[in-house]
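# Remarks on the overall topology
Single-letter residue listing:
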Amino acid sequence: MTNSLQNLHTIQKELEDVAKLSPHTPKTPQVIAISKYFTKEDVLPLIKANHRLFGENKVQEAWDKWTPLKQTYPDLCLHLVGSLQSNKVDKAITLFDVIETLDRPSLAQALHQEWTKNLDHFPDLFIQVNTGAEEQKGGVLPKDASPFIQYCCKELKLPVKGLMCIPPADEPAAIHFSYLRTLAIQHDLSILSMGMSQDYKIAAQFGASYVRVGQAIFGKRPT
Ligand SMILES: *Cc1c(COP(=O)(O)O)cnc(C)c1O
């Protein structure tokens, strides 16, 4: 049995220490506890200790797990970090506070349609960039990233607040984090979601606003 709360506190302390030393990190990154495949019972100790920021990668799984929890804890903040199909946009904007995986024009258009209908409750959006141009991964390719960001922000006027990436497992993450940071600055976006269990400290050095940490908090993910 791992102690998830202890793990979270250790990570937060490490991030504070890195942020103090990094010129790119004006604020300590916030930890999104990624709870995919973990249960309500797994997340409750963190919630009871006042952690409010969680992430999931599947809309339906998140819906079943978090709808009841949100009734008891209405100030929970949920991020969608997995790919979003256009036919699940409806549900996703109801449940999530941030959608981190905007990555293609068809999804931007589906979100835009909901955005024009429902200006009261709409999540913030991050654009996912496939910085390693990996075939199996979601995200806009680096060569298309600038025009896509422009399209979402200027043409559709969607509430895009930041960028997100998942670097290739077999390359130094620092190059990817540095690239994402530069791209965000070019487009006047201030939020960066980057860094997972393996590399959150590196992400913090490059000015991450959010790190997305699962197994380093909860232990090995059930399959
Ligand atoms: C699963 C997942 C994470 C967390 O991964 P860990 O290795 O458990 O920290 C972070 N980001 C995304 C997009 C994920 O799908």
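First, a word on scope: everything that follows refers to the structure included in this document. (Residues numbered from 1 in each chain as written. Predicted model: local features only at pLDDT ≥ 70, side-chain atom pairs only at ≥ 80, totals over all residues. Heavy atoms only, no water.)

## Digging into the overall build of the chain
Regarding its fold elements, the chain presents nine helices and eight strands. Principal axes of the C-alpha set define a box for the chain whose edges measure 50 × 40 × 30 Å. Burial status across the chain gives 51% buried among its 223 residues. By sequence separation, contacts in the chain at least 24 residues apart represent 60% of the contacts at least 6 residues apart. Of the side chains in the chain, 24 bear a positive and 24 a negative charge, and the two mean positions are spaced by 2 Å. (Helix = DSSP H or I, 4+ residues; strand = E, 2+ residues; numbered from the N terminus. Buried < 20%, exposed > 50% of the residue type's maximum accessible area, 1.4 Å probe, protein only. Contact = heavy atoms within 4.5 Å. Lys, Arg positive; Asp, Glu negative; His and termini not counted. Charge placed at Lys NZ, Arg CZ, Asp CG, Glu CD.)

## A short note on the packing of aromatic side chains
To describe a pair of aromatic rings, one takes the distance between the centres and the angle between the planes. Counted under the stated rule, the structure contains four aromatic pairs. Centre to centre, the rings of Phe126 and Tyr210 are 6.1 Å apart; their planes meet at 35°, and the pair counts as tilted. Here Phe126, found in strand 5 (residues 124-129), pairs with Tyr210, found in strand 8 (residues 210-213); they are 84 residues apart in sequence, far enough to count as distant. Note on accessibility: Phe126 and Tyr210 belong to one class, buried. (Phe/Tyr/Trp six-rings, centres within 6.5 Å; stacked < 30°, edge-to-face > 60°.)

## Quick word on the site of the ligand
Taken together, Ile34, Lys36, Val81, Met164, Ile166, Met196, Ser197, Arg212, Val213, Gly214, Gln215 and Arg221 make up all the residues around the ligand. Contact distances for the ligand include 2.5 Å between an oxygen atom and a side-chain N or O atom of Ser197. In this structure, Gly214 approaches the ligand through a main-chain N or O atom, which is 2.9 Å from an oxygen atom. With respect to the detected pockets, the ligand is housed in the largest pocket. Classifying every residue of the shell around the ligand by side-chain character gives six nonpolar, three polar and three charged. (Near = heavy atom within 4 Å. Polar contact = N/O pair within 3.5 Å; in protein donor to acceptor, adjacent residues only side chain to side chain. 1 Å grid on protein atoms, 1.4 Å probe; cavity = no way out; pocket = protein on both sides within 12 Å on 5 of 7 lines; lining within 4 Å. Sits in = over half its atoms within 2 Å of the grid points. Nonpolar A, V, L, I, M, F, W, Y, C, P; charged D, E, K, R; others polar.)

## So, the pattern of salt bridges
Within this structure, the stated rule accounts for 12 salt bridges. The residue Lys117 makes a salt bridge to Glu114 at a minimum N-O spacing of 3.3 Å. Of this pair, Lys117 and Glu114 both sit in helix 5 (residues 105-117), separated by three residues, roughly a single helical turn. The partner of Lys143 in a salt bridge is Asp144, with the nearest N and O atoms 3.4 Å apart. Because the salt bridges share partners, they merge into one network encompassing Lys13, Asp17 and Lys20. (Salt bridge = Lys/Arg side-chain N within 4 Å of Asp/Glu carboxyl O.)

## Description of the packing of helix 6 (residues 142-155) against helix 7 (residues 173-186)
Where helix 6 meets helix 7, the closest approach of the two axes is 11 Å, and the angle between their N-to-C directions is 25°. Our classification of the angle between helix 6 and helix 7 gives roughly parallel. In the packing of helix 6 onto helix 7, the handedness of the crossing is right-handed. In this structure, helix 6 contributes Pro142, Ala145, Ser146 and Ile149 to the contact, and helix 7 contributes Tyr179, Leu183 and Gln186. The class makeup of the residues in the contact of helix 6 with helix 7 is five nonpolar, two polar and no charged. (Axes fitted to C-alpha atoms, helices over the stretch in contact; angles between N-to-C directions. Parallel < 35°, antiparallel > 145°, perpendicular 65-115°, else oblique. Left-handed = near helix turned anticlockwise from the far one by under 90°.)

## Examining the pairing of strand 5
A large share of strand 5 lies buried, amounting to five of its six residues. Across three bridges, the pairing between strand 4 (residues 98-102) and strand 5 is parallel. By the bridge assignment for strand 5, Ile99 is matched with Leu125. Handedness of the crossover joining strand 4 and strand 5 through helix 5 is recorded here as right-handed. Summarising the sheet, strand 5 and strand 6 (residues 160-165) pair through five bridges and their orientation is parallel. The residue of strand 6 that forms the bridge with Ile127 is Leu163. (Pairing = 2+ DSSP bridges. Right-handed = clockwise from strand over helix to strand, strands pointing away.)

The values are spatial; any link to function lies outside them.
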